[in-house]
Each structure stands twice: as structure tokens, then as C-alpha cells.
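# Chains, contacts and geometry: an overview
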Amino acid sequence: MIERWNRDQVLALAPDASSRKAAQGVSSPGKWSGTGVTADALWGECKGSGSKPYRACVDLSEPAYRCSCPSRKFPCKHALGLLLLWSADGVPAAAEPADWVAEWLDQRRDRAARAVTRTAAAAGTGGAAETGPSGDPRRAEQREQRVATGLSELERWLADQIRQGIAGSRRHDHWDDLARRLIDAQAPGVAGSVSRLNAVLATDDWPARLLGEYALLHLLAVAHRRLPEVVRAAEGGADARPEAGLLRRVRERVGFPVTKEEVLAGETVRDVWDVLGCRDEEQDRLTARRVWLRGRDTGRAALVLSFAPPGQALDASLVTGTAIDADLAFYPGSSPLRALVATRHDGVPAGPPPGSTLEQALEEVAGALAGDPWLDSWPVVVASVTPAGSPSWQLAGPSGGLPLHPSAGTPWRLIAASGGHPLTVAAEWTPRGLRPLTTWDEEGRVIVL
């Protein structure tokens, strides 16, 4: 039987605030009939405005959701309301799922089996089942030349900014022309970094932060220009394995994509992965969901990313505070972080993940930055810390503290959970401070922050 999630974990799955509110409105027992739960499935029928009730079900092993309502939100309020009812122990256990639920589960298992077969076939061909446009050497060479020209222009532009001073950068359209030229040069990764510089102007210390962003852009442009030296060193027999990882990271940051097929065809890492928390943010006219994981045995950090246009469904298959036994396939790079869930295995009991000291967490972040200087976030789990230091809040440990990100404000939920006692806290490290994600109380219950 899947360990029952609590209210916090369920509401964290909602796509927006209005869905959370609506779900609570349909979570009362009187709204539901024909409910049941087995080891890996939850279902029920919710009374709606029509003559027929809406049928909602959840595959708890992944999880995945289905509802007969017309909502485009995912999971919809009915699936969330059913999960809230289950979290309150309001759904009776059943020996077998209803027929309509069993049919849906069988269809999901069949699709999963076909996906495994396709992945194995791709691995047998070296991941080259779909080469795409890059399979044309002439077009690939043309793109390489365009990118090199665009990044050379970026280097000149940055030199001009430093020579002229940054006072003129306070216009919000200051970077628009440069971003468009980088898109034309087929360097979308760099173009996105340039277009997001507007956000820096909203901070009090914008001059220092802007200079820091300019330095990282310059480092990326110079690193790309020197890539041929790394290639020549590798061809000459030198040990360029660390540089090879950095080469892949530079190209990814510039905007050369790595397909899912290539990633899934590579090596995987099996572990019990604790789902530390997630955060949604607007990014280049898309909503991006970051889900942070950490392996219990390997200690590896992982980031599962999903994207969707505003208002459309994001991946809700990883539940904060749970743990999954799974094979993860990592995107290549010198500090591999982004990953895909390749294969899931049987469920495992959840519980607080093992934590580290603040010093150990900083050492881990420093190692990750050494491999990827453009890294802007990393998951950490710190033990025996308390929120302290109003008005500038931090997580304090026996030998010091780490500041919280300004967006955390006054961390009331964390303060209430702590009550002055040390906690284990999962957080997202950023250059501006920690973003608290999740904590666990004395009884091991998950509290989503």
C-alpha cells in the first residue's frame, strides 16, 4: 500500500492557487460516491452540475491522473479533491479497482511497456534513432559558424558596456536588440540569458549583480571560442575527460540541444530518490517546473524539469516528500544535474532524507560550481538548523548560518514547524540565498514550505 500523503503534499500538486481552493471545495465525503483505494490506485465519482458524476482516478504508483471533467488543468480539482479525501482517511480500501479504473491502468501499463521497448531499441543504435536537422553536416557547420559569429559580437558588446559604463542599462529594452541578434545567430540559450537580465534591475544591488551576469556571459562566450583547443587536446591523446564534460555543458548553455532519446539511451543511475520539493517559475513565455531529487545511497542531486505554456498542465508525477526507487538518466555535463526518470520500480517508504551540515552543503555547492560556473541553483538538505536572525532571516546551525533568499520573506511556516527546535530542511541553493522547500516535524511528517 502506498503511504498516504498528507494535505500539504496533495495541495503542492495543484497547478495554481485557484485549483487548490476549488479542490478543497470538492473534498467533502458528501460529494463522492463509489470511492475506493488499492495498493496503487485511487478512484471515485464526484457529483457535478450534470446528470452524470465525474469519474476521477489516480495511479498512485507514478502518480498519474484521469478525470472525465472538461477541465484543462492537470491534475484537476476533482482529482485533487479525491486525494484530499484520501489524505483524511476518507476512502475505503478495496480488493480490486473498479472496471473502468482497471481498464485505464492496463492501458497505462501497455504504453509503458512499449516505451521501454523503444528506449532499448534506441540504445541499441547508439541513440541515433532520430538524428534531426543536425544529421546534415552542411547545416550543422552553418549553424556552428552563425553561433561563433553571434558570440564574437556578444564579446564586443560586453567590452563596450564596460568601457561606457552601465548607467544606461537601466532601460528595460536595453538588451532587446542583442537578444534578437543572438536568436538569429541560433544561440537561443545565450539569448534567453540576455533577455532575463531585465529581472536584475528590480533589485537594490543591481549594479553589482549586473556586472556579475556580464562576467558569466563573457566567460561563456570565451569558453565557446576556446572549444576547438579542447577538441585538439582530446585528439592529441591528452586526458581531456573533465574538459569533455565542460565542453558539453558549454554547448548546452549556448543552446545546442540534447534530445530525450539521447539521454535515455545513455547510462542510468538506480537509487532511492527522495523528492525534496518543487518550484514553478515563468521562463521565456513558458511555465517551468523544477523538481529536486536526492539519492539516498549515491548522495547525487538531480533536477527534473518540465515546461508548459501558461494555463496548461505541468508534470505532476513526483510528489514532494515521497521517495521513488527509479533509474535516472542524466543529461551530460561536468556537473550532471538535470535528469529524466527512465524506469520506476516498486514503491519505497518515505521519510526525512539524510541531512548534512551547513559546511558540507557549501562544499557540495562549491564542487558543483567548479564544474559548471553558470549554475544558478542546487538542492541541499541540511540537518539540525533553525530559522533565526530577523529581519534578515537565515538557517542557523551550530557553527554559523546561511541566509534565506529575499523572496522567502518571513518564513512563518518554518518558524512554526521549528518552535525553536532544530529541523531537517530541504532547500534550493541560489547565489542570493536559500529557498526553503520542505521540512519534517519531530514525527517525520512532511511540511511543504
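In short, a report on the structure. (Residues numbered from 1 in each chain as written. Predicted model: local features only at pLDDT ≥ 70, side-chain atom pairs only at ≥ 80, totals over all residues. Heavy atoms only, no water.)

## Focus: the overall build of the protein chain
Let me state the cut-off plainly: Strands here are runs of E lasting at least two residues and helices are runs of H or I lasting at least four, both read from the DSSP assignment and numbered beginning at the N terminus. In this treatment the radius of gyration is a C-alpha quantity, and the globule benchmark scales as 2.2 Å times the residue count to the 0.38 power. Each residue's exposure class comes from its accessible area (1.4 Å probe, protein chains only) as a fraction of the maximum for that residue type: buried when under 20%, exposed when over 50%, partly exposed otherwise. By the convention used here, residues are in contact when the closest approach between their heavy atoms is within 4.5 Å. Accessible surface is estimated by sampling points in the Shrake-Rupley manner with a 1.4 Å probe; for residues, cover comes only from the protein chains shown. For the charge count, each Lys or Arg is scored as positive and each Asp or Glu as negative, with His and the chain ends excluded. By convention, the charge on Lys lies at NZ, on Arg at CZ, on Asp at CG and on Glu at CD.
Counting secondary structure elements, the protein chain contains 13 helices and 15 strands. Relative to the globule expectation of 22 Å for 449 residues, the C-alpha radius of gyration of the protein chain, 24 Å, shows essentially globular dimensions. Buried positions account for 42% of the 449 residues belonging to the protein chain. A fraction of 63% describes how many contacts in the protein chain between residues 6 or more apart in sequence connect residues 24 or more apart. Split by element, the accessible area of the protein chain, about 22,700 Å² in all, is 52% carbon and sulfur. The centroid of the 52 positive side-chain charges in the protein chain is displaced by 6 Å from the centroid of its 55 negative side-chain charges.

## Details of the pairing of strand E14 (residues 433-440)
Looking down a regular strand, the side chains alternate between one sheet face and the other. Going by this rule: Only strands that DSSP links by at least two bridges are regarded as paired with each other.
In terms of burial, E14 is a largely internal element, seven of the eight residues being buried. With seven bridges connecting them, strand E13 (residues 423-430) and E14 associate as antiparallel partners. Within E14, the position partnered with Thr-430 by the bridge is Gly-433. Where E13 folds back onto E14 in an antiparallel hairpin, the turn is made up of two residues. Across three bridges, E14 lies against strand E15 (residues 446-448) in antiparallel orientation. Across the sheet, Thr-438 pairs through a bridge with Val-448, a residue of E15.

## Considerations on the packing of helix H5 (residues 137-164) against helix H8 (residues 206-225)
Under the convention used in this document: Lines are fitted to the C-alpha atoms to define the axes, a helix being fitted only along its stretch in contact, and any angle between axes, read from their N-to-C directions, falls within 0 to 180 degrees. Should the near helix be turned anticlockwise from the far one by less than a right angle, the crossing is left-handed, and should it be turned clockwise, the crossing is right-handed.
Packing of H5 against H8 leaves a shortest axis separation of 9 Å and a crossing angle of 145°. Crossing of H5 against H8: the hand is left-handed. Between H5 and H8, the residues in contact are Val-147, Ala-148, Leu-151, Leu-154, Glu-155, Trp-157, Leu-158, Gln-161 and Ile-162 and Leu-211, Tyr-214, Leu-217, His-218, Ala-221, Val-222, His-224 and Arg-225, respectively.

## Points about the sheet that holds strand E8 (residues 323-330)
In space, the five strands of this open sheet follow the order E7-E6-E5-E8-E9, with antiparallel pairing throughout. At either margin of the open sheet sits one strand with a lone partner, and together these are strand E7 (301-308) and strand E9 (339-344). Strand-to-strand twist of the sheet, defined as the mean angle between neighbouring strand axes without regard to direction, takes the value 45°. Across eight bridges, the pairing between strand E6 (residues 286-295) and E7 is antiparallel.

## Quick notes on empty space enclosed by the protein
We apply this condition: Only protein atoms enter the 1 Å grid used here. Points where a 1.4 Å probe fits but cannot escape make up a cavity, open sets with protein on both sides within 12 Å along at least five of seven lines make up a pocket, and a residue lines them when an atom lies within 4 Å of a point. Grid points are joined across faces, edges and corners, and a volume is the space filled by probe spheres set on the points. Following the grouping adopted for this structure description, the nonpolar residues are Ala, Val, Leu, Ile, Met, Phe, Trp, Tyr, Cys and Pro, the charged ones are Asp, Glu, Lys and Arg, and the polar ones are all others, Gly among them.
With the rule as written, the count across this model stands at two cavities of 30 Å³ or more. In this structure, the largest cavity encloses a volume near 70 Å³. Every residue lining the largest cavity is listed: Gln-9, Ala-12, Leu-13, Cys-278, Arg-289, Val-291, Asp-315, Ala-316, Ser-317, Leu-318, Val-319 and Thr-320. For the lining of the largest cavity, a count of residues per class yields seven nonpolar, three polar and two charged. Its volume calculated, the second largest cavity comes out at about 30 Å³. Residue lining of the second largest cavity: Asp-274, Val-275, Leu-276, Gly-321, Thr-322, Gly-351, Pro-353 and Trp-440, and that is the complete set. With three residues, strand E5 (residues 268-283) is the single largest residue contributor to the lining of the second largest cavity. Partitioned by chemical class, the residues of the lining of the second largest cavity number four nonpolar, three polar and one charged.

## What about the nonpolar core?
Selection criterion: The term nonpolar core refers to a set of buried residues drawn from Ala, Val, Leu, Ile, Met, Phe, Trp, Tyr and Cys, joined through side-chain atoms within 4.5 Å.
Core analysis: the biggest nonpolar cluster contains 30 residues, and Leu-337, Trp-378, Val-380, Val-382, Leu-395, Val-425 and Leu-434 have the highest contact counts within it. For this core, the secondary-structure elements that each account for two or more residues are E7, helix H12 (358-371), strand E10 (378-388), E13, E14 and E15. In this structure, Leu-154, Val-190, Leu-210 and Phe-256 belong to the second largest nonpolar core, which totals 29 residues.

## Let's talk about the side chain of Arg-289
Put simply, the rule is: By the criterion applied in these results, polar contacts are pairs of N or O atoms within 3.5 Å in which, for protein atoms, one can donate a hydrogen and the other can accept it, and in which residues neighboring in sequence qualify only through two side-chain atoms.
For Arg-289, the position within the fold is in strand E6. There is a polar contact of 2.9 Å between the side chain of Arg-289 and the side chain of Asp-280. A distance of 2.9 Å separates a polar side-chain atom of Arg-289 from the backbone oxygen of Asp-315. The residues contacting Arg-289, other than those within four sequence positions of it, are Ala-14, Pro-15, Arg-279, Asp-280, Val-304, Leu-305, Ser-306, Leu-314, Asp-315 and Ala-316.

## Looking at the sheet that holds E10
The pairing of strands in a sheet happens through backbone hydrogen bonds and is either parallel or antiparallel. With antiparallel pairing, six strands are arranged side by side in an open sheet as E12-E11-E10-E13-E14-E15. The open sheet terminates on both sides in strands that have one partner only, identified here as strand E12 (400-403) and E15. On average, adjacent strands in this sheet sit at an angle of 40° to one another, irrespective of strand direction. Together, E10, strand E11 (394-397), E12 and E13 form the strand contacts of H12, whose direction differs from that of E10 by roughly 155°.

## A look at the environment of Ser-61
By the secondary structure assignment, Ser-61 is in the loop between strand E3 (54-59) and strand E4 (64-67). Using a relative accessible area of 37% as the deciding quantity, one classes Ser-61 as partly exposed. In this structure, the C-alpha to C-alpha distance between Ser-61 and Ala-41, residues 20 residues apart in sequence, is 7.5 Å. With sequence-adjacent residues up to four places away left out, Ser-61 is seen in contact with Asp-40, Arg-109 and Arg-344. Among the polar contacts made by the side chain of Ser-61, one reaches the side chain of Asp-59 at a distance of 2.6 Å.

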